Amino acid sequence: MSSILKVDSIQNSAGTAAMAFDSGGNISEANKEYFSVALTTAVTGLLDNTTNVVNFNSNGLVRHDTKSNWDSTNNAYQFDSADGVYLITYSVGLMSPTITTEVMVDGGVSMMFSTDDFSSFVNAPQFGAGARVTDSGSQLLGSVSFGASVIYKNTNANTKLQMRVYGNTSGSTTYEVAENANELTGGTFTGASNSDCTHFSVVRIA
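Just so it is clear, the structure is predicted and the values come from calculations on it, not from any experiment.

Draft legend 1. Structural view of the packing of aromatic side chains. All chains considered together, the criterion is met by 10 aromatic pairs. An aromatic cluster of three or more residues is present, and its members are Phe 35, Phe 56, Trp 70, Tyr 77, Phe 79, Tyr 86, Phe 113, Tyr 152 and Phe 200.

In structure tokens form, the structure reads like this:
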């Protein structure tokens, strides 16, 4: 025997709203946590052969932050739950200043976790990727990009997430973090000047 429960909203015993249902069957959660930040201009002049924090605060835009947990000083997002499960998605594009004449040798990205504003790091998975862009035949590239999605179980209060990058070029003393896909091709990717390539997002899923 089946039955139908007809309600417009669900609250806890104290009256705090948890979920609402509209006439189209859509569900909204009053306390949903999600965050997204992306570059809006390229980060230039990063010293070659060094690791740098991606400066979203100066060169980017926070597009979603339902818990207001963005730390602009450290360019980091603080998880709202000390024991939540999160889906983290990230992407980054690295390039030499002039990709038609200078080349990338190495590149990498790491999503770093800390509970003390990055004086030290949480003993937990630190997600990232890296590449040796050149090969023995000197087949060289001017840019490289990385991206992935991972599930992370937070176990510490005050944990923050930060994106760091590493670049090593040949022919330049600096490297850059691209804002859009068109920059990674030297302007040859028609119509891609608004295609974000450096960003990260956080969504609590449990």
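After that view, the rundown keeps rolling.
Draft legend 2. A look at a nonpolar patch on the surface. A surface patch of nonpolar side chains, about 270 Å² in accessible area, is lined by Leu 87, Ile 151 and Ile 205. Tracing the backbone shows Ile 151 in strand S13 (residues 143-153).

Draft legend 3. Seen up close, the nonpolar core. Phe 79, Leu 94, Met 163, Val 165 and Phe 200 are the most contacted members of the largest nonpolar core, which has 32 residues in total. Looking at this core, the elements that each hand over two or more residues are strand S4 (34-39), strand S5 (43-47), strand S10 (85-95), strand S11 (103-114), S13, strand S14 (160-170), strand S15 (174-177) and strand S16 (199-204). The leading source of residues in this core is S10, at five residues. When sequence neighbours within four positions are dropped, the list of residues in contact with Phe 200 reads Phe 35, Ser 36, Val 37, Phe 56, Trp 70, Tyr 77, Thr 89, Tyr 90, Met 111, Leu 161 and Met 163.

Draft legend 4. Examining the side chain of Gln 162 more closely. Position of Gln 162 among the secondary structure elements: in strand S14. Take Gln 162: its relative accessible area is 3%, and that puts it in the buried class. At 2.8 Å, the side chain of Gln 162 and the backbone oxygen of Asn 74 are in polar contact. Of note is the side chain of Gln 162, whose polar atom sits 2.6 Å from the side chain of Arg 164. Not counting chain neighbours up to four residues away, the residues in contact with Gln 162 comprise Val 53, Asn 74, Asn 75, Ala 76, Ser 110, Met 111, Met 112 and Phe 118.

Draft legend 5. Structural context of the pattern of salt bridges. Overall, the coordinates contain four salt bridges when judged by the stated rule. Across the pair Asp 71 and Lys 160 runs a salt bridge whose closest N-O atoms are separated by 2.7 Å. One end of the pair, Asp 71, is in strand S8 (residues 70-71); the other, Lys 160, is in strand S14, and 89 residues separate them in sequence. There is no split in this pair, since Asp 71 and Lys 160 are both buried. Here the salt bridges do not stand alone but share partners, grouping Asp 71, Asp 117 and Lys 160 into one network.

Draft legend 6. Focus on the side chain of Ser 143. If you trace the backbone, Ser 143 turns up in strand S13. Once residues lying within four places of it in the same chain are set aside, the contact partners of Ser 143 are Leu 94, Met 95, Met 104 and Leu 184.

Criteria and thresholds
- Numbers given to residues run from 1 along each chain, matching the order in which its sequence is written.
- The predicted origin of the model limits local features to residues at a pLDDT of at least 70 and limits the giving and counting of side-chain atom pairs to 80 or more, whereas totals for whole chains, interfaces and linings rest on all residues.
- Just so you know, side-chain values use all the structure's heavy atoms and leave hydrogens and water out.
- Aromatic rings from Phe, Tyr and Trp, with only the six-membered ring used for Trp, were paired whenever their centres fell within 6.5 Å, and each pair was classed as stacked if the ring planes differed by under 30 degrees, edge-to-face if by over 60, and tilted otherwise.
- Each patch is built from residues that are more than 30% exposed by relative accessible area and take part in no salt bridge. Like charges join if they lie within 9 Å; nonpolar side chains (Val, Leu, Ile, Met, Phe, Trp, Tyr) join within 5 Å.
- What sets the accessible areas is the Shrake-Rupley method with a 1.4 Å probe; for residues, cover comes only from the shown protein chains.
- Between Lys or Arg on one side and Asp or Glu on the other, a salt bridge is scored when a side-chain nitrogen of the former is within 4 Å of a carboxyl oxygen of the latter.
- Secondary structure elements follow DSSP: runs of H or I of four or more residues count as helices, runs of E of two or more count as strands, with numbering from the N terminus.
- We define the nonpolar core as a collection of buried residues of types Ala, Val, Leu, Ile, Met, Phe, Trp, Tyr and Cys that are connected through side-chain atoms lying within 4.5 Å of one another.
- With a 1.4 Å probe rolled over the protein chains alone, any residue whose accessible area is under 20% of its type maximum counts as buried; one over 50% counts as exposed, and the rest are partly exposed.
- The contact definition used throughout considers only heavy atoms, calling two residues in contact when any of these lie within 4.5 Å.
- Think of a polar contact as two N or O atoms within 3.5 Å of one another; within protein, one of them needs to be a possible hydrogen donor and the other a possible acceptor, and neighboring residues in sequence only count if both atoms come from side chains.

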